[in-house]
Amino acid sequence: MIIQLCGLSGAGKTTIARNVQRKAAADGTPIEIIDGDIYRESLCRDLGFSREDRCENIRRLGFVASRLSNYGIISIISAINPYESIRQELAISYPHVKTVFIDCTVEKLIARDTKGLYKRALLPEGHPDKLNNLTGINDPFETPVQPDLHLHTDNQSIAACTNLFLQFINRSLALQQAQYASVASN
Ligand code: ADP
């Protein structure tokens, strides 16, 4: 199974994915987190933040996820993943792809600003430290049309989001197994 996350910077993608990974490992369920920030330092080093590059980034992460997923490893792609067209493309490119929207209001993110990015994006035009492509401030984020799971990290605790995510994975795995069983019996 491939789980593509989407959500603004600081929404909680990494935090929730790591919690889910740790809890699932305790039950013997292997999860790999394919973290966009990490891959941008290696496989995706040549990519910037234009629409084309952000989409190509997701295409490459999706390919890596698909290889792992073939071996039964649940692959969570953790990236902002702001465009609906590439999310849909990924969803039809491989079997068992789920989309999880890690949602948080921009107001809350500006207040959290754990990486100081929002402060930089909100600097006046022409300021040398200004960020010009922060998703949700001065770069687009297309709300997913029909995510398989929608978490609201502005009003649900980390523990609650982690549990909802784990329940979602267990439900999806059970459905997947039922599908395989039905194909095998026909
Ligand atoms: P992202 O990977 O989406 O950029 P991070 O996981 O790196 O986001 O950062 C999210 C920040 O928000 C962390 O400091 C985390 O502790 C905090 N946070 C507060 N509430 C939540 C929540 N319900 N779910 C996830 N993170 C939360």
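Throughout this description, residue numbers start from 1 for each chain and increase along the sequence as written. Given that this is a predicted model, residues contribute local features only at a pLDDT of at least 70 and side-chain atom pairs are listed and counted only at 80 or more, while totals for whole chains, interfaces and linings are drawn from all residues. Excluding hydrogens and water, the side-chain figures rest on all heavy atoms present in the structure.

1. A look at the overall build of the protein
Thought 1: Here a strand is any run of E in DSSP of at least two residues, a helix any run of H or I of at least four, and the numbering for each starts at the N terminus. In terms of helices and strands, the protein carries seven helices and five strands.
Thought 2: Its helices and strands taken in sequence order, the protein reads β-α-β-α-α-β-α-β-α-α-β-α from the N to the C terminus.
Thought 3: C-alpha atoms define the radius of gyration, and 2.2 Å times the number of residues to the power 0.38 defines the globule rule. Its C-alpha atoms give the protein a radius of gyration of 17 Å, within 12% of the compact-globule value 16 Å for 186 residues.
Thought 4: A total of 186 residues make up the protein; the buried ones form 42% of that total.
Thought 5: Surface accessibility of the protein: about 9900 Å² in total, with carbon and sulfur atoms responsible for 53%.
Thought 6: A residue counts as positive if it is Lys or Arg and as negative if it is Asp or Glu; His and the chain ends are not included. Throughout, a charge is located at the NZ atom of Lys, the CZ atom of Arg, the CG atom of Asp or the CD atom of Glu. If the 20 positive side-chain charges of the protein are averaged to one point and the 20 negative ones to another, these points end up 4 Å apart. With a 1.4 Å probe rolled over the protein chains alone, any residue whose accessible area is under 20% of its type maximum counts as buried; one over 50% counts as exposed, and the rest are partly exposed. Each accessible area value is a Shrake-Rupley result obtained with a 1.4 Å probe; residue values ignore everything except the protein chains displayed when judging cover.

2. Re the layout of surface pockets
Thought 1: Put simply, the grid is 1 Å and covers the protein atoms alone, a cavity is a trapped set of points that fit a 1.4 Å probe, a pocket is an open set with protein on both sides within 12 Å along at least five of seven lines, and lining residues have an atom within 4 Å of a point. Grid points are joined across faces, edges and corners, and a volume is the space filled by probe spheres set on the points. In this structure, the largest pocket encloses a volume near 670 Å³.
Thought 2: Lining the largest pocket we find 34 residues, and of these Ser 9, Gly 10, Lys 13, Ile 80 and Lys 115 sit closest to its centre.
Thought 3: Looking at the lining of the largest pocket, the elements that each hand over two or more residues are helix H1 (13-26), helix H2 (36-39), helix H3 (51-69) and helix H7 (158-185).
Thought 4: With four residues, the single largest contributor to the lining of the largest pocket is H1.

3. As for the pattern of salt bridges
A side chain of one charge can pair with a side chain of the opposite charge when the charged atoms of the two come close.
Thought 1: The salt bridge definition used is simple: a Lys or Arg side-chain nitrogen within 4 Å of an Asp or Glu carboxyl oxygen. Scanning the entire structure with this criterion turns up eight salt bridges.
Thought 2: A salt bridge links Arg 60 to Asp 46, with the nearest nitrogen and oxygen atoms 2.9 Å apart. You can see Arg 60 sitting in helix H3 and its partner Asp 46 sitting in the loop between H2 and H3, a full 14 residues away along the chain.
Thought 3: Owing to a relative accessible area of 53%, Asp 46 belongs among the exposed residues under this scheme.
Thought 4: Taking the shortest distance from any N to any O, the salt bridge between Arg 60 and Glu 56 comes out at 3.0 Å. Placement of both Arg 60 and Glu 56 in helix H3 is noted, with a separation of four residues, approximately one turn of the helix.
Thought 5: With a relative accessible area of 25%, Glu 56 lands in the partly exposed category.
Thought 6: Each of Asp 46, Glu 56, Arg 59, Arg 60 and Glu 89 takes part in a single network of salt bridges with overlapping partners.

4. Focus on H7
Thought 1: By definition here, a helix of n residues has an expected span of 1.5 Å times n minus one. Compared with the 40 Å implied by 1.5 Å per residue over 28 residues, the 41 Å span of H7 between its first and last C-alpha is a close match.
Thought 2: Within the sequence span of H7, burial applies to Cys 161, Thr 162, Phe 165, Leu 166, Phe 168, Ile 169, Ser 172 and Gln 176.
Thought 3: Any two residues having at least one pair of non-hydrogen atoms within 4.5 Å are treated as being in contact. In this fold, the buried residues of H7 make contact with strand S1 (2-6), H1, strand S2 (31-35), strand S3 (74-78), strand S4 (97-103) and strand S5 (149-152).

5. Quick notes on the UniProt feature "domain: APS kinase" (unreviewed entry) in the protein
Thought 1: Under the feature "domain: APS kinase" (unreviewed entry), the UniProt entry names residues 2-151.
Thought 2: In residues 2-151, the share of helix is 39% and the share of strand is 17%. The end C-alpha atoms are 17 Å apart. UniProt positions are given in the numbering used here, feature names are shortened, and annotations may be inferred rather than shown by experiment.

6. Overview of unusual backbone geometry
Thought 1: Although it is not a glycine, Asn 81 adopts a positive phi angle of roughly 50°.
Thought 2: Along the polypeptide, Asn 81 turns up in the loop between S3 and helix H4 (84-93).
Thought 3: On the basis of relative accessible area, Asn 81 is assigned to the buried category, the value being 2%.
Thought 4: A positive phi angle, near 30°, is found at Asp 113, a position not held by glycine.

7. Some words on the environment of Ile 137
Thought 1: Among the secondary structure elements, Ile 137 is positioned in the loop between helix H6 (117-121) and S5.
Thought 2: For Ile 137, a relative accessible area of 28% corresponds to the partly exposed category.
Thought 3: As for Ile 137 and Leu 122, which are separated by 15 residues in sequence, their C-alpha atoms are 7.7 Å apart.
Thought 4: Not counting chain neighbours up to four residues away, the residues in contact with Ile 137 comprise Val 106, Ile 110, Tyr 118, Ala 121 and Leu 122.

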